[in-house]
Amino acid sequence: NAGVTQTPKFRVLKTGQSMTLLCAQDMNHEYMYWYRQDPGMGLRLIHYSVGEGTTAKGEVPDGYNVSRLKKQNFLLGLESAAPSQTSVYFCATKTSTDTQYFGPGTRLTVL
Amino acid sequence: GESVGLHLPTLSVQEGDNSIINCAYSNSASDYFIWYKQESGKGPQFIIDIRSNMDKRQGQRVTVLLNKTVKHLSLQIAATQPGDSAVYFCAENTNNDMRFGAGTRLTVKP
């Protein structure tokens, strides 16, 4: 039982490049979330999903897209990376009791 | 707008002492609160939670207190250990909208 895993752990991109971050969970949770964490700020919600095939915008969705084709996977895409997207990205899943469990994070640097 | 915040950005305690980390929230409709611990380079780790129909909940060495009158949440850690050194976040949930505070860095001095 791996819980919530994220790949890659680290990535450096040049401005304008694209990439996809993968979040995978083996806990059969319906809800999945993508957050970004920046110094001195709390976690901010980018997008979330309440179930397979559904996604919704969070607090800071601009510049990102997501897909939930399979229940266990939640993908976060950056179509054209910008330096402002340099951050640490966390995926989380939620139990039926509202507790969110987080992955280990992906540290992304955009030059 | 509504926000979740922490009174102190840093807290330093002596090993063995009790620690108290505070959090203020402003959305009176929030019905669920969580404390997370985040160690350097890792994701947030669930510590303890409390629902708005309670004012106190205890776990192993941790206690969460909720004062809805003043919209205040606190995390108490008993007999603080070096392994407790981390950043602690509070989070509030309102209608599936979870908002996080910026965090308090707890440092435990040996």
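Described in the following lines is the structure provided in the data block. (Residues numbered from 1 in each chain as written. Chains lettered and ligands numbered in written order. Predicted model: local features only at pLDDT ≥ 70, side-chain atom pairs only at ≥ 80, totals over all residues. Heavy atoms only, no water.)

### Thoughts on the overall build of chain A
Scanning chain A from N- to C-terminus turns up 0 helices and 11 strands. Counting from the amino terminus, chain A carries its helices and strands in the arrangement β-β-β-β-β-β-β-β-β-β-β. Against the globule reference of 13 Å for 111 residues, chain A gives a C-alpha radius of gyration of 13 Å, in line with a compact fold. Principal-axis analysis of the C-alpha atoms gives chain A an extent of 40 × 30 × 25 Å. Considering only contacts in chain A between residues 6 or more positions apart, those separated by 24 or more positions represent 53%. Per element, the accessible surface of chain A, about 5,300 Å² overall, is 53% carbon and sulfur. When the 11 positive and 8 negative side-chain charges of chain A are each reduced to one mean point, those points stand 7 Å apart. (Helix = DSSP H or I, 4+ residues; strand = E, 2+ residues; numbered from the N terminus. Rg over C-alpha atoms; globule rule 2.2 N^0.38 Å. Contact = heavy atoms within 4.5 Å. Areas by Shrake-Rupley, 256 points an atom, 1.4 Å probe, with all protein chains shown as cover. Lys, Arg positive; Asp, Glu negative; His and termini not counted. Charge placed at Lys NZ, Arg CZ, Asp CG, Glu CD.)

### Examining the pattern of salt bridges
Here the structure, examined in full by the defined rule, presents 7 salt bridges over all chains. With a shortest N-O distance of 2.8 Å, R44(A) and D38(A) are connected by a salt bridge. As far as the burial class goes, R44(A) and D38(A) line up, both buried. The partner of R61(B) in a salt bridge is D84(B), and the shortest N-O contact between them spans 2.9 Å. Of this pair, R61(B) sits in the loop between β6 (56–58) and β7 (62–67) while D84(B) sits in the loop between β8 (72–77) and β9 (86–94), and the two are 23 residues apart along the sequence. Residue class for R61(B) comes out partly exposed when judged on its relative accessible area of 28%. When its relative accessible area of 7% is taken as the criterion, D84(B) is described as buried. (Salt bridge = Lys/Arg side-chain N within 4 Å of Asp/Glu carboxyl O. Buried < 20%, exposed > 50% of the residue type's maximum accessible area, 1.4 Å probe, protein only.)

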